Amino acid sequence: MWERKNEMKASITFGGITAAPGTKASGWAPVLDTDYKLPVTVINGAREGKSVLLTSAIHGCEYPSIEAVFRIAENIDPQELCGQLIVINPVNVDGFLKRTPYIVPQDGKNLNRLFPGNPAGTLGDKIAYVLTEEYQKRVDFHIDTHGGDIPEKQLSYVYYPGVSEDARALALSEEAAAYVLYADFVIKSRATNHAYNYAAICGVPSVELELGDCASWDESEVNLYLENIYNLLRYLRLLPGEARKRERDVLYITRGEYLDADADGRWYACVGREDKVRRGQKLGEIRDLFGRTLREYYAEFDGVVLMVVAALAVKKGDPIIAYGC
C-alpha cells in the first residue's frame, strides 16, 4: 500500500506550467517543434505525497472518461490534496474536437499504439514521446482513462500491465486494479506500446480504465467514472479517506486477442458483446462493396467477447473485435 508524506513542498512545473503548493494552474504545453499544444492542469497539493498523471482522450471520442476527467481537473481542491495531480485532457485535442475515432487526425495514427514515441516522427509519435519523457517518467503513478469509441460496443474493464522488468511497478499496478470499483473484467495486458503499458516498462505503476461505449455518455456513466478515479486517488493517498476494494465479482482475463480489420469494407459480426465463444467459432467477416467475402475471423481459443464494432463500415487497421479468457 502507498504511504503518504506530510512535509511542505515547493512549486512544481510540467509543460512550462507552474503551480505553487496548495494551488492549481492550467495552460497549454508545447509538443517539441510542432504548433500542437497539450491542455495541462497542474494541481500541487498543500502537503507532500505522490505524483499522479491522469490522462484522457488519447482516443478523442470516449466521452464518459473525458467528461469525468474534465470535472476532476476543475473541482479538486489543492488544499485537500497530498501530492501532485497532473491532468492532460484531451490528449488528442483534434480527435476530440473533430469527433474522429481512434486516430490523431493530422497523421492518421492510433496514438495508443505509438509509445514510447519518436521525436523525429509524425505528430502522434511526438505526442507519445513527450508524454513518456516529460510526464510519465516524472510521476509515481499513471491513470489513463478510455471507453468505447464511436463504433465500439464494449464491457467495462480495467487493464493492468503484465510486461516490465520492474516487478514493483507490476505488483502495484495489479494491486491498484482491485480499487477500481466498477468493472466487469480485470485484464492483464502484455502489450508494450500503449500509454499505461509503457509507463510500467519505465518503472511507473499504471492502470487503464474503460467504461462506456459507442461514444454515448450520461450522468450515470460519468458518476461511475468519477467514483473509480476518486477511489484510486484515495488508494494512492492523494485524497483523504479510506479507499474501498472492489467487492463485486469480476472475471480476470490473462489472455486477450484484439483483431483489426485486414481490409476496407463492410463488417458483419457473428457474435455480440459478452457472448461466450468457442475455439474455431466464427466471429465475423468483412465483405467488399459488391458482397464478396474478403476475410473471415475465427476464435483461436474459448473466451468471452469484450468488445465488438457495431458499425457497418470499417477501414483497414481499425479494431473490429476483442475477446479473452
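So, how was this worked out
- Residues numbered from 1 in each chain as written.
- Predicted model: local features only at pLDDT ≥ 70, side-chain atom pairs only at ≥ 80, totals over all residues.
- Heavy atoms only, no water.
- Pairing = 2+ DSSP bridges.
- Helix = DSSP H or I, 4+ residues; strand = E, 2+ residues; numbered from the N terminus.
- Axes fitted to C-alpha atoms, helices over the stretch in contact; angles between N-to-C directions.
- Parallel < 35°, antiparallel > 145°, perpendicular 65-115°, else oblique.
- Left-handed = near helix turned anticlockwise from the far one by under 90°.
- Contact = heavy atoms within 4.5 Å.
- Nonpolar A, V, L, I, M, F, W, Y, C, P; charged D, E, K, R; others polar.
- Disulfide = S-S within 2.5 Å.
- Buried < 20%, exposed > 50% of the residue type's maximum accessible area, 1.4 Å probe, protein only.
- Salt bridge = Lys/Arg side-chain N within 4 Å of Asp/Glu carboxyl O.
- Phe/Tyr/Trp six-rings, centres within 6.5 Å; stacked < 30°, edge-to-face > 60°.
- Lys NZ or Arg CZ within 6 Å of the ring centre and 35° of its normal.
- Expected span 1.5 Å × (residues − 1).

## Quick word on the sheet that holds strand β14 (residues 251-253)
- An order of β3-β4-β6-β5-β9-β13-β11-β12-β14 is seen for the 9 strands of this open sheet, with the pairing classed as mixed. With one partner strand each, in any of the chains shown, β3 (23-30) and β14 form the two edges of the open sheet. Between one strand and the next, the sheet's axes are offset by a mean angle of 20°, whatever the strand orientation.
- Where strand β5 (residues 47-56) meets strand β9 (residues 141-146), 5 bridges bridge the pair, whose relative direction is parallel. Looking at β9, one finds that V52 is bridged to F141.

## Re the packing of helix α1 (residues 63-75) against helix α6 (residues 219-235)
- For the pair α1 and α6, the least separation of the axes is 8 Å and the interaxial angle reads 60°. Taken together, the axes of α1 and α6 lie oblique to each other. When the axes of α1 and α6 are compared, the crossing they make is right-handed. Counting all contacts with α1, which are made through P64, S65, E67, A68, V69, R71 and I72, the residues of α6 involved are E219, E221, V222, N223, Y225, L226, I229 and Y230.
- Considering only residue class, the contact of α1 with α6 consists of 9 nonpolar, 2 polar and 4 charged.

## Side note on the environment of L233
- Secondary-structure assignment places L233 in helix α6.
- The spatial distance from the C-alpha of L233 to the C-alpha of Y179 is 9.6 Å, given a sequence separation of 54 residues.
- In contact with L233, not counting residues within four places along its chain, are V52, I76, L85, I143, L238 and L239.

## Some points on the sheet that holds strand β21 (residues 313-314)
- Within the open sheet, the 4 strands sit side by side as β19-β18-β16-β21. Their pairing is antiparallel. The open sheet terminates on both sides in strands that have one partner only, identified here as β19 (293-298) and β21.
- Relative to strand β18 (residues 282-287), strand β16 (residues 265-269) runs antiparallel, the two being bridged by 4 bridges. Opposite W267, over in β18, you have I286 as the bridge partner.

## Considering the state of the cysteines
- Applying the stated criterion across every chain yields a total of 0 disulfides.
- Looking at C214, it has no disulfide partner, and the nearest cysteine sulfur is the one in C61, 12 Å off.
- Residue C214 is classed as partly exposed on the basis of its relative accessible area, which comes to 29%.

## Details of the pattern of salt bridges
- For the coordinates displayed, the defined rule picks out 14 salt bridges.
- Linking R278 and D302 is a salt bridge whose minimum nitrogen-to-oxygen distance equals 3.2 Å. Separated by 24 residues along the polypeptide, R278 in the loop between β17 (276-277) and β18 and D302 in the loop between β19 and β20 (303-309) bring together distant segments of the chain.
- Judged by its relative accessible area of 33%, D302 falls in the partly exposed class.
- Across the pair R292 and D288 runs a salt bridge, and its minimum N-O distance is 2.9 Å.
- On the accessibility criterion, R292 (51% relative accessible area) is exposed.
- Through salt bridges with shared partners, a single network forms among K282, E285, R287 and E296.

## Section: the packing of aromatic side chains
- One pass over the full model with this rule turns up 9 aromatic pairs.
- Ring centres of Y63 and F96 lie 6.4 Å apart, and the angle between their planes is 80°; on these two criteria the pair is classed as edge-to-face. Taken as a pair, Y63 in helix α1 and F96 in helix α2 (residues 93-97) lie far apart in primary sequence, 33 residues in all.
- The exposure class assigned to Y63 is buried, which follows from its relative accessible area of 16%.
- Taken together, the ring pairs connect Y157, Y159, Y196 and Y258 into an aromatic cluster.
- The ring of F14 has R138 lying over it, and the distance from NZ or CZ to the ring centre is 3.8 Å.
- Over the face of the ring belonging to Y268 we find R287, whose NZ or CZ atom lies 3.9 Å from the ring centre.

## Some details on α6
- An ideal rise of 1.5 Å per residue puts 24 Å on 17 residues; α6 measures up with 24 Å between its terminal C-alpha atoms.
- Along α6, the residues classified as buried are E221, V222, Y225, L226, N228, I229, N231, L232, L233 and Y235.
- Taken together, the buried residues of α6 touch β5, α1, β6 (82-88), β9, α4 (167-177) and β13 (206-210).
- Looking one or two residues past α6, R237 carries a phi angle of roughly 70°, positive in sign.

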